Structures are given as C-alpha cells and as structure tokens.
Amino acid sequence: MSIADRIQKSMAQGSWVRRMFEEGVSLKRQYGEENVFDLSLGNPVMEPPVEFHQELKRLAENPSPGMHRYMENAGYPETRAAVATQLSLETGIKFTMNDIIMTCGAAGALNVVLKTILNHGDEVIIFAPYFPEYINYIDNHGGIVRILPTNEQFIPKLDILEATVGAKTKAVLINSPNNPSGVVYSEEFVRQLGELLSKKETQYGTQIFLLSDEAYRKIIYDGLKYPSPLPHHPHSIVVTSHSKDLALPGERIGYIAVNPACSQQKEVIDGFIYCNRTLGYVNAPALMQHLVSRLQSVTVPVAEYQRRRDFLYDHLSEIGYSVMKPQGAFYMFPKSPLADDVALVRELQSWRVLTVPGSGFGTPGYFRILYCVDDRTLEGAIAGFRKAAQKFNLC
Ligand SMILES: Cc1ncc(COP(=O)(O)O)c(C=O)c1O
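Treat the numbers as computed from the prediction; the structure is a model and nothing was measured.

(A) The pattern of salt bridges, seen in detail. This structure, assessed with the given rule, holds 24 salt bridges. Between Glu214 and Arg217 there is a salt bridge; the shortest N-O distance is 2.9 Å. An identical accessibility class is assigned to Glu214 and Arg217; each is buried. In this structure, Arg309 and Asp222 form a salt bridge, with 3.0 Å as the shortest nitrogen-oxygen distance.

(B) Representation of a nonpolar patch on the surface within the structure. Nonpolar side chains collect at one region of the surface, where Met1, Ile3, Ile7 and Met11 lie side by side and expose about 440 Å² of accessible area between them. Locating Ile7 in the fold gives a position in helix α1 (residues 5–13). Judged by relative accessible area, Ile7 falls into the partly exposed class, the value being 39%.

(C) Region of the structure containing the side chain of Asn259. Among the secondary structure elements, Asn259 is positioned in the loop between β8 (254–258) and α9 (265–278). Side-chain polar atoms of Asn259 contact the backbone oxygen of His233, separated by 3.2 Å. Once you skip the residues sitting within four places of it in the chain, Asn259 turns out to touch Phe95, Leu230, His233, Pro234, Ser236 and Gln265.

(D) View of the site of the ligand. Around the ligand, 13 residues are found, and the nearest of them are Asp213, Tyr216, Ser241, Ser243 and Arg252. Taking Ser241, its side chain carries an N or O atom lying 2.6 Å from an oxygen atom of the ligand. Within the side chain of Lys244, an N or O atom sits 2.9 Å from an oxygen atom of the ligand. When isolated, the ligand has an accessible area of 400 Å², and the protein chains bury 91% of it.

(E) Just the state of the cysteines, in detail. This structure, assessed with the given rule, holds zero disulfides. Unpaired in this structure, Cys262 has its nearest cysteine sulfur neighbour in Cys275, at a distance of 15 Å. The exposure class assigned to Cys262 is buried, which follows from its relative accessible area of 5%. No disulfide involves Cys275; its sulfur sits 14 Å from the nearest other cysteine sulfur, which is in Cys104. Look at Cys275 and you get buried, because its relative accessible area is 6%.

Here is what the cut-offs are and how they apply
- Residues numbered from 1 in each chain as written.
- Predicted model: local features only at pLDDT ≥ 70, side-chain atom pairs only at ≥ 80, totals over all residues.
- Heavy atoms only, no water.
- Salt bridge = Lys/Arg side-chain N within 4 Å of Asp/Glu carboxyl O.
- Buried < 20%, exposed > 50% of the residue type's maximum accessible area, 1.4 Å probe, protein only.
- Patch = residues over 30% accessible without salt bridge, like charges linked within 9 Å, V, L, I, M, F, W, Y side chains within 5 Å.
- Areas by Shrake-Rupley, 256 points an atom, 1.4 Å probe, with all protein chains shown as cover.
- Helix = DSSP H or I, 4+ residues; strand = E, 2+ residues; numbered from the N terminus.
- Polar contact = N/O pair within 3.5 Å; in protein donor to acceptor, adjacent residues only side chain to side chain.
- Contact = heavy atoms within 4.5 Å.
- Near = heavy atom within 4 Å.
- Disulfide = S-S within 2.5 Å.

These figures capture arrangement, not role.
Structure follows, in structure tokens:
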C-alpha cells in the first residue's frame, strides 16, 4: 500500500457525518432528491448577505493593481485592522491588527495554532460531544487528545477538568456555540474556566492556552450576548471564520485572534504566521480578505435560523423526544430513544431522514439533527421522526 498506515487506518474508520452524507447521496439517487430529508452535513442553506454581493461587484468593477498577488503571510493589514476593530467592540478588549492572522477558515486556523504550540506528546483537552475533526487536527501535529465529559446540559465538568489538567496540558479547546449540542457557555462558566486554567498554570509553571473555536459566535438566539472567554484568561486564542456568519464555507476565510494580554505574544503570533506559510496555506484567499474587510459587522439573518430551531424543537418535544433547546449554532442533539444511537439513525434513515449518531461526536445515546436546511426538508422530516418515535413507544 502506497499511503501511510495511519492515514489508511483513519480513512477506514471514517467519519459518521461523511458516511451519512454519502449514504444520503445514494438514497437521493434511488428515491429522488425531494423524497430524502438530509439533516446530516453542516452546509448552510442561506446565501451570503446582499452586502457580500455588492462588495464583490464593487471589487470586480474597480480592480486595484496587485490585488491578487502574494501578500504578508498574516494577511492584508486593512483586513486585520477591520477584524481587530470589530473584535474590540464585541469583547471590550483592545485588539490591533498585530493580534490578528487571516486564515483558510476556522479549520485552517486550528491547524496553524496546533502546529505552532504542540510539542510531540503535548495534551489537548476537548469535551464530548465535540466537533469530530478536532481529533484529526490534534493528531496532525503530534498532540495527544484527552476527551472529557460534559453534564446533562452539555457543559464541561470543571471538577473533572481540574483533576485532568497536568504538566503536559498545552491547550483546552472549547466550542461555544457548540456543534453538535447548540449550547452557549455562560459568562460565569467561562470565568470559572479561565480562573481554573490560570491556577493550573501557576501550579505547574506552564502556559495553558484556552483555544476558543467560535465558528458559530454570531449564530446566537433569543437576544443572548456572546460571553467571550477572552477577558478571563490571558493565554486565550480565538479561531473563527465567516463560513457560518456570512454563509461562505466554500470560500475558506477565517482568522486567529490572540489575546493582547498573552505573555510572549509576539513569539506566538510570529509562530502562527510562520506555520500559516509552512503548512502550505501561505495566506488566506486574497479576494475574500478584500471582501470581508467591509463586512465585519454584517451577519446572515439569524432570525431565519431561530425560526427553524423553534419549528424543530416544538415538533420534537411534542412527539416526545427529550431535547435541549439550542441557544446557538444550527444543530440539535436529542437523546436517542434507543440506547443504540446508530440503530435509531438507521431507523430514521428507513424513513429517509438523515441524521448523525451521537457516537460520531463521542457521545453515544444521542443523535445530531442539523436544521440549516430549507423549510421543505425540515417539514418533510417530521413524519419520519414521528414514525421512529412510535416504533420505540415514545408517543
Ligand atoms: C465547531 C466547528 N469548528 C470549525 C469548523 C470549520 O469551519 P471552517 O469552514 O471555518 O473551516 C466547523 C465546521 O463545520 C465547526 O462546526
């Protein structure tokens, strides 16, 4: 075999999200697109906001010389300055362009950060349920993943975290609003988390990064204000993108922001810039950087996602599923009425409703439903949820 053993092994294990997506493709071929209700892969149904197209048109009609050339690996100064201004407004922390590196999405940002900070064998703590790619990204850079549990509300258990953080802990990776649970961590939680990490740093004489994956920061409901972890831990780093808030996942545009209070901040930033280059990203896409410079305060209509959340939550609850109402992102993570979440997902599949078993997110006994789909798909799926519930005596 010409490919590396570890890649072969990890490809064979596959990802549940991808597997369901691929099975969905074949079901659609068999039954017709309109008869399959695909709630598996997180591709937002919404188009980018009108301001995006206006800006795209303006740039196309007024090209400036050199606008498609190589640039500084950190990205355009004006784009980084625009991100810094917006982030300062949102967090109350004074960011400058020197704290920002533009990246190829949040995925690129995470890989740049992990490549830069991890020595072989360093540990990164994540919490189940988690975004499954974290395991690959940590492994990409020689890290050891430690997976810790959350409580019934999907909030990390701080007593277990306290007992787990050790001399080898290099980072704690959090994701709020969370994929797959939709939970948003409270101000009090992020305060306690920051305090715990600072205490552990003193105990071990180390630096422990709080790595905050904020891919869904702006997809937040019921007028909630996003509680940023940044004020609560100096060694905090934000990774995010415009994949969800501007509905641009295919354009690969995101950024890293490093807390200005981070010690050895310049060394950390220089490391990120270097790794952005050596990982082969070189820089974030030029055209997208030009575009998002003027779109920092623009977001897709979040009320549209909230409407879908309410529709799905009301129906699932009425049918009898036990489900926590998400506060952000566009996923729901109900309890499976069967202990075997894969069997439940298979049953739903027999009604042509595609979801993903909680096992794929490190949390068996649950399943993930994605609701950033068109109304027809969401409405069409309800009958399948009802049939499965009837079969398992939920209603
Ligand atoms: C929690 C989380 N982090 C990161 C990403 C990667 O997003 P991007 O498209 O910005 O790379 C995703 C994508 O779905 C995600 O759900």
